[in-house]
Each structure stands twice: as structure tokens, then as C-alpha cells.
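Here are the chains, one letter per residue:
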Amino acid sequence: MSARNGAPRNPGRNEEAVEVGVPFDLLLSRATEGSWRNLVPTPSSTLKLAGALVRRPRTVLTKGAALTGELAKVAAGRSELAPHPKDARYAHPAWQENPVLRRALQAHLAVSASAEELVANAGLDENSGHRVTLTVSNLLDATAPSNNLVLNPKALAAAKETKGASLVRGTRNLVRDLSAPPRVPRMVEPDAFEVGVNVAATPGAVVERTAVYELLQYDATTPTVRKIPLLLVPPVINKYYVADMAPGRSMVEYLVGQGHQVFVMSWRNPDVRHSAWNLDTYGDAIVNAIGTARSICGSESVSLLSFCSGGILSAMVLAHLADTRRLANVSAAAWSVTVLDQSRAGVAGALLTPAAAEAAARSSAARGYLDGRVLAEVFAWLRPRDLIWNYWVDSYLMGKSPRPFDVLFWNADTTRMAASLHKDFLEMAQQNSLVHPGMATMLGSPVDLGAVTVDTYITGGINDHLCPWESCYASTQLLGGNSRFVLSSAGHVASIVNPPTNPKASFRIADSTPSDAHDWLKAAETVQGSWWPDFSQWLHEHGGEMVDAPSTPGSADHPVIVAAPGTYVLAT
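All values derive from a computational prediction rather than experimental measurement.

Reading the values: rules and limits
- Residues numbered from 1 in each chain as written.
- Predicted model: local features only at pLDDT ≥ 70, side-chain atom pairs only at ≥ 80, totals over all residues.
- Heavy atoms only, no water.
- Helix = DSSP H or I, 4+ residues; strand = E, 2+ residues; numbered from the N terminus.
- Buried < 20%, exposed > 50% of the residue type's maximum accessible area, 1.4 Å probe, protein only.
- Contact = heavy atoms within 4.5 Å.
- Areas by Shrake-Rupley, 256 points an atom, 1.4 Å probe, with all protein chains shown as cover.
- Phe/Tyr/Trp six-rings, centres within 6.5 Å; stacked < 30°, edge-to-face > 60°.
- Expected span 1.5 Å × (residues − 1).
- Core = buried A, V, L, I, M, F, W, Y, C linked by side-chain atoms within 4.5 Å.

A.B. asks: Got a sec to walk through the overall build of the protein? Specific residues and values, please.
C.D. replies: Helices and strands together make up the secondary structure of the protein, namely 21 helices and 17 strands. A burial count over the protein gives 55% of its 572 residues as buried. Taking the contacts inside the protein whose residues are at least 6 apart along the sequence as the reference set, 83% of them involve residues at least 24 apart. Of the roughly 23,000 Å² of accessible surface on the protein, a fraction of 55% belongs to carbon and sulfur atoms.

Laid out in C-alpha cells, this is it:
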């Protein structure tokens with residue numbers, strides 16, 4: 001019998017621990033189902049598992065006998081089962097030195113290994129196998145002895161040292177977190193950062209405000225700048241300042257310092273009044289923002305950099321501009337962790353069924369929006385070992401407060417998604433319509449990504465489970481222009497928040513983009529450091545001439561409305 005924990009999902013708590021692990025469209029579907037679905041298998045999958053095991057009595061008997069034998073060894077103190085050396089849950093020496101704790105740990109490893117092997121050998125079809133495996137994995141994570149107050153040596157030590165005060169604080173934390181969505185352990189204190197002070201703090205101003213967005217222009221910090229400005233299109237989940245984290249970690253701050261004129265769209269947090277906002281609503285907003293940035297800078301074009309779901313919108317807008325002979329308004333375009341080709345298999349394909357997508361759309365339509373707090377809950381429950389149980393131990397068993405971390409603060413600063421946009425995204429994902437020219441439309445134009453012939457710069461993260469890097473790479477084959485693909489060594493968010501000061505950062509790059517992503521990977525070379533300098537250089541090559549930097553944001557036609565970060569980013 002082998003130990004279940006051959007490779008921990010999160011050996012230590014670091015930036016990658018906050019990465020989420022589900023495809024975007026699956027996330028939008030699961031958000032309306034409720035957390036209980038993560039711990040309870042569907043009746044159909046349960047029946048299929050039971051039927052499969054009945055047909056394999058020898059497998060059941062063999063695994064049962066092996067488990068019984070291993071548990072006997074555990075009870076006798078002769079078992080050699082051990083967790084992975086990097087599994088942080090069992091780093092305390094008491095897990096090996098205390099006979100009771102060691103037996104509890106080994107019993108859990110034995111049961112876990114048997115359960116997983118039984119499911120793997122049940123002969124289930126692919127979709128049922130993925131569903132049952134995910135549920136079993138969640139149940140095993142939940143029942144780990146490290147989550148038990150009576151067994152966790154760190155929690156017991158903390159209770160002894162504080163004379164019980166840690167338990168009082170932990171109970172208070174538990175009651176607090178269960179009282180309101182997202183009903184998961186708090187990962188960052190709500191006052192750990194202040195928007196506009198130590199995140200989203202790059203100086204600038206709002207130079208345009210519409211019902212859908214505020215447009216921010218940042219103060220130039222160099223004597224000269226590229227004439228063609230850069231417009232950032234953020235995702236429609238969470239707020240724009242993933243591109244403007246704490247000073248020193250802000251992409252906006254970095255690019256401004258490299259001599260680029262930077263604009264950012266800050267989406268309004270929609271409520272029930274905006275339930276009809278759809279793909280066209282957001283596409284029209286991007287078209288308007290492009291026009292405003294061009295007008296302020298006196299430039300015939302802009303460059304675009306879009307993130308995640310914002311990239312889906314901007315790609316469709318570029319197809320619209322191509323269809324209406326206005327593609328010259330954009331000189332170059334970049335996408336970071338964006339998936340345009342949403343073909344997929346595996347867990348996502350098993351969980352995102354047409355019925356689930358339809359039910360999700362109905363649910364958000366009834367409310368008028370998809371609640372961002374529920375999305376945060378889904379994020380957490382689909383990576384429970386990293387995003388639930390780590391914090392369960394620290395917050396509830398040990399009574400600790402989470403450490404301040406700007407990425408987690410941003411992650412908790414959720415936004416809603418308008419019901420119509422939610423429905424549009426789900427339908428587009430179900431049909432994978434962006435890979436079929438003309439299947440999707442934007443502002444009345446058929447979307448043909450092959451008609452987008454501007455040069456493109458596309459990034460992915462090799463540890464990104466939300467937008468697999470191979471799926472990001474697929475965009476190089478859909479778009480019509482010359483593509484440069486960069487693969488960061490980080491995950492979804494950390495590949496965006498990737499400052500040059502990060503000593504662990506690296507990326508891969510190659511001279512060409514062959515059709516197969518893994519052929520590209522074989523040819524790629526590894527470069528130490530952040531990809532931001534490479535992107536800045538590429539942006540300079542597409543940024544036109546150097547001109548005197550503007551003394552202030554805005555123009556006579558677009559005067560400053562309010563200082564950055566504006567007002568929309570503050571709305572909850």
C-alpha cells in the first residue's frame with residue numbers, strides 16, 4: 001500500500017497557495033450551486049460507483065484486505081506509511097514522535113490510499129470518474145487529522161501557551177466567518193490594506209466616467225514617453241488593481257517608469273439595476289475607452305493589454321474593429337492569462353454540463369447578478385487543502401489572524417457580474433464560439449479572430465490552473481498577426497503580479513509559435529527574472545515616437561474628474 005500524499009498540493013504557504021484552480025466558465029457555473037456540492041457526490045455518480053464496485057468483487061476484497069492489514073500494522077506500531085516530506089500539515093515533529101498522533105496520521109493515509117485506489121480501479125467512465133475523484137479528494141482533505149483540534153499538536157501547544165485564549169479567538173473567528181458570505185476562513189483582514197493608499201496607489205486621475213467604467217490615466221514619471229498609449233482592460237471579476245498592487249509590485253507603476261503612457265479601465269461594480277449589461281455593453285465601453293485614450297494623447301492608435309476575462313472582451317472588440325475597418329485604432333495587443341479557445345477535457349468537462357450552465361444562468365437572472373462573494377467561496381472550495389484547511393487550522397484552531405498580503409486582499413475585494421454577461425459567457429464557453437468564425441458576435445459584427453492582424457504578445461503561467469498555459473498558447477493560432485508567447489514560471493495571479501524584484505521569477509520564450517504548444521516548450525529558452533521588462537521592450541517597439549511627457553492627465557475635452565484610483569473601485 002502506498003501513501004496517498006505522494007506530492008503535496010501546497011507544501012508551504014506562499015503566493016502560489018492563493019492560486020485558484022478551476023476554468024473560468026466552470027467557476028461561473030459552480031458559483032450558483034452551493035458549497036455542499038463539493039462534499040457530496042451526485043446520486044448518479046454514486047450509483048455508478050456502487051454498480052462498478054459490485055461488478056468487481058475481487059477488487060473490493062483485495063483492497064479491503066490490504067486496508068485491514070495496513071490498519072493492523074498501524075495499530076501495532078509497525079506501519080511505515082509517512083506523509084510527503086514537504087507536506088506542511090505534518091511538519092511538527094509530534095506527528096512522528098507521539099505514538100497516538102503517528103497512528104492517527106498513518107490510519108488516515110491508509111484509508112486515503114485505499115479510497116483513491118478503489119475509485120481509480122472502479123472502471124467508471126471518464127466524467128463519473130472525475131466527479132467521484134473530486135468529491136473523495138475533498139472528503140479526505142476535510143478529514144485529515146491535522147484539521148482536528150484534539151490531534152493537531154500546534155493547536156494544542158497554542159492553547160496551552162495562551163491558557164485557552166487561542167481557542168476563544170478561534171471560536172470568535174469561526175462565528176464571524178460563518179455569519180456572512182463567503183462562508184470560508186478569512187485569508188486576509190479587511191483593513192490589511194487601503195485602496196488608494198497602499199494598493200491601487202500609483203498617482204493619476206480619472207479622465208472619463210461613464211455608467212460602466214471610469215478611465216484612469218497615470219501621471220508620467222519620465223521626461224519623454226511613447227506617443228501611442230497603453231490601455232489596460234482588467235477582468236470583470238475582482239477589481240482593476242491586480243495591475244496596480246502595492247508600490248514596488250505594481251505593473252502600472254513599472255510601465256509608467258519605463259516611459260509608457262498608461263490608461264486603465266476601472267469597471268463599475270454592477271448591481272440589480274445593471275442586470276441587462278452584456279458582452280455588447282462591455283465591448284462598447286472598450287471601444288469608447290480606446291477613443292478617449294487616442295484623443296487625449298493625440299495618437300492614431302493605442303496598444304492594449306488585457307487580463308483574463310477582460311481579454312475575452314477585448315479580443316471580440318478587435319474582431320469588431322477589423323470588421324468595421326477600424327483595426328488601425330489599435331497598434332498592438334497583449335493578453336495575459338486569457339483563454340480564447342475554451343475546448344477542454346478532464347475535470348472541467350465532467351463538471352460543466354449544459355444543464356449546470358443553464359441552471360447557473362437562471363439563478364443569476366433571478367437575482368440580477370452573480371454575487372462575487374459566492375464566487376470567492378467557489379474559488380476556495382475547489383482548492384480546499386490550500387484555500388480552506390490551511391486557514392481553518394491557523395484561524396480557528398490556533399486563533400491567529402492572517403498575515404497581510406496584497407494579492408489576497410485583492411482576491412477578497414470581490415465584484416458582482418451582471419446576469420446577462422454571466423449568461424453570455426456561459427453560452428460562449430459551451431459553444432467554444434470564438435474558435436468558429438462568425439459564431440459569436442460583438443456589437444453586430446461576426447467575431448473572426450483570424451481577422452485580428454495586429455502584432456500580439458500573449459502570456460501564460462505554467463502553474464496556472466484557472467487558465468492552463470496550453471489554452472493561453474492556443475490564442476497564438478487563432479489570431480491573425482505575429483504572436484510572441486511568454487510562459488511565466490508562476491500561476492494565474494502571480495504571473496501577472498510579477499515584479500522584476502522577485503528573485504524567484506523566470507519565464508520561457510521562443511522565436512516562433514508552432515501549432516503545438518509542447519513543440520514551443522521544447523524550443524523555448526528559460527530567462528531568469530520577470531517578463532515585465534521583455535513586455536516593456538516589445539511595447540516600445542510598437543509605441544511610436546518618443547514625445548514630451550504630458551504635465552498632467554487629461555485634456556481640454558477630457559479634464560480630470562477626480563484623483564486616482566477614482567470612485568468605482570471603492571464600491572462594494
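A.B. asks: Can you break down the packing of aromatic side chains residue by residue, with the values?
C.D. replies: If you walk through the whole model with that rule in mind, you get 19 aromatic pairs. Judged by centre distance (5.3 Å) and plane angle (65°), the rings of tryptophan 389 and tryptophan 392 are edge-to-face. Residue tryptophan 389 and its partner tryptophan 392 are located together in helix 15 (residues 384-397), separated by three residues, close to a single helical turn. Consider the rings of tryptophan 469 and tyrosine 473, whose centres lie 6.5 Å apart with planes at 75°: the pair is edge-to-face. In this pair, tryptophan 469 and tyrosine 473 both sit in helix 18 (residues 469-473), four residues apart, roughly one turn of the helix. Side by side, tryptophan 469 and tyrosine 473 carry an identical accessibility label, which is buried.

A.B. asks: I'd like a description of helix 11 (residues 308-323), backed by residues and values.
C.D. replies: For helix 11, built from 16 residues, the straight-helix expectation of 22 Å at 1.5 Å per residue is met to within 8% by its first-to-last C-alpha distance of 23 Å. Among the 16 residues that make up helix 11, 14 are buried, leaving the element largely enclosed by the rest of the structure. Backbone geometry just after helix 11 places arginine 325 at a positive phi near 60°.

A.B. asks: Could you give an account of the nonpolar core, naming the residues involved and the relevant values?
C.D. replies: One finds Tyr241, Met265, Trp267 and Phe535 to be the most contacted residues of the largest nonpolar core, which totals 120 residues. For this core, the leading source of residues is helix 10 (residues 279-297), giving ten residues. Residue contacts for tryptophan 267: discarding those within four places in its chain leaves Val212, Tyr213, Val233, Pro234, Pro235, Val236, Tyr282, Ala285, Ile286 and Tyr568. Leu67, Trp95, Leu101 and Ala144 belong to the second-largest nonpolar core, a separate cluster that totals eleven residues.

These values are about where atoms sit, not about what they do.
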